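# Descriptive structure summary
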Amino acid sequence: MKFKMKSKIAIAMVSVLSLALLAGCGSQEQVESTEESGVVNVYSARHYDVDKEVFLKFEDATGIKVNVIEGKAPELLERMKREGADTQADMFITADMANIYQAIDSELTQNVESEIVDANIPENLRGENNEWIALTQRARVIAYDKEKVNPQELSTYEDLVSERWAGKILVRSSDSTYNQSLLASFIELNGEESAKEWAAGLVSNMAREPEGGDRDQVKAVAAGEGELAILNTYYLGLMVNSKDPEEVKVAEKVGVFFPEPTHVNISGVIVNKYSKNAGNAVKLIEYLTSEEVQKQYTDKNFEYPANPNVEPTELLKSWGEFKPQDINLSKLGEYNKKAVEIFNEVGWK
Ligand code: FE
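Residues numbered from 1 in each chain as written. Predicted model: local features only at pLDDT ≥ 70, side-chain atom pairs only at ≥ 80, totals over all residues. Heavy atoms only, no water.

## Structural notes on the overall build of the chain
Scanning the chain from terminus to terminus reveals 15 helices and ten strands. Every one of the 349 residues in the chain was classed for burial, and the buried ones make up 54%. Here the contacts in the chain between residues at least 6 apart in sequence split such that 77% fall between residues at least 24 apart. Per element, the accessible surface of the chain, about 15900 Å² overall, is 48% carbon and sulfur. (Helix = DSSP H or I, 4+ residues; strand = E, 2+ residues; numbered from the N terminus. Buried < 20%, exposed > 50% of the residue type's maximum accessible area, 1.4 Å probe, protein only. Contact = heavy atoms within 4.5 Å. Areas by Shrake-Rupley, 256 points an atom, 1.4 Å probe, with all protein chains shown as cover.)

Next comes the structure, spelled out in structure tokens:
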């Protein structure tokens, strides 16, 4: 660990905190916390190779050590709530607005003040007071079996409940926030009743009971279990570029269709209200939203950049352009509970 201590007070603080840490937790995790020391502690529910690479580059460029604790979003949220003011988390990175909203709703955020961030990320991709900042965008689309489906037959998400698709649709379980946010967007755009009808209709058109993740839905289409899969495009990007030739073959069997308007979610970041290294956290966010890193996110993880100065990677461009839902993203979080209720009512497993 590199520390850049500026005063005896800082050294004293390190000692106190180190003792507190030694006494407080028996885990092996390396977490440090000192005012403006050379660290930033990140709780992250994004666990992609590209994230590790960009953290290392940030360390090299700034000398600020990035300590990452990975976990599932609900676990990390619970942990931050439990830790409260004693938390080591300077920031929380996660997929899905539903999870970001939880952090805001639990009053775990602080407003990020940075002209660099403001310049990097458009207003609709950050909170009103920068209580959250988007890092990437993800489109949730329809993948279709190229042999059995003419894309001309496809139009909107709403149309997926028509007779044509009876027994043909593959989609993961409603436990996934990706689906919860999709339904939340319909609650916002079409109203609760209509969203419920859609969810019920989709359940009756499912090819099988939901199982597996987004990638497994594509595999099921390739195996002939159904004709359409609902999924986030980056999974398909990862499959097309997989080292496993079987995955590549599977991915090549499907085409990508963007319903109009397309549901777009984000992955994003909040700075913890109780951060002890908030300055470093903001520096890291400035870096993560920079053109350099945004290009990495799209080139290596096939997500859409949140910084509009960076173009989506070639593969994404080859799938075409789309019109995103015109929606205030915080609504995805606000309607999350309602969406979960509807899924339970209509029996979407
Ligand atoms: Fe994912």
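Further notes follow.
## Side note on the environment of Leu189
Here Leu189 lies in helix α6 (residues 177-190). A sequence separation of 138 residues divides Leu189 from Ile327, and the C-alpha atoms of the two residues are 7.7 Å apart. Beyond its immediate stretch of four places on either side in the chain, Leu189 contacts Gln325, Asp326 and Ile327.

## Regarding the environment of Ile327
Among the secondary structure elements, Ile327 is positioned in the loop between α13 (314-319) and α14 (330-334). Along the sequence, Ile327 and His263 sit 64 residues apart, while their C-alpha atoms lie 9.4 Å from each other. Apart from residues lying up to four places away in sequence, Ile327 is in contact with Ser185, Glu188, Leu189 and Leu332.

## Looking at the coordination of the iron ion
Perfect tetrahedral coordination of a metal by four donors corresponds to 109.5 degrees between them, and perfect octahedral coordination by six donors corresponds to 90 or 180 degrees. Protein-derived ligands of the iron ion are Tyr178 (OH), Tyr234 (OH) and Tyr235 (OH), with the metal-ligand distances lying across 1.9 to 2.1 Å. The sequence pattern formed by the donor residues of the iron ion is Y-x55-Y-Y. Within this pair, whereas Tyr178 is found in helix α6, its partner Tyr235 is found in helix α9 (residues 233-240), the two being separated by 57 residues in sequence. Assessed through its relative accessible area of 12%, Tyr235 is described here as buried. (Donors = N, O, S within 2.8 Å, 3.2 Å for Na, K, Ca; no water.)

## Re the pattern of salt bridges
Inspection of every chain in the model, using the stated rule, returns 27 salt bridges. Linking Glu209 and Lys349 is a salt bridge whose minimum nitrogen-to-oxygen distance equals 2.8 Å. On the criterion of sequence distance, the pair formed by Glu209 in the loop between α7 (192-205) and α8 (214-222) and Lys349 in the segment after α15 (336-346) is long-range, its members being 140 residues apart. Linking Lys317 and Glu311 is a salt bridge whose minimum nitrogen-to-oxygen distance equals 2.3 Å. (Salt bridge = Lys/Arg side-chain N within 4 Å of Asp/Glu carboxyl O.)

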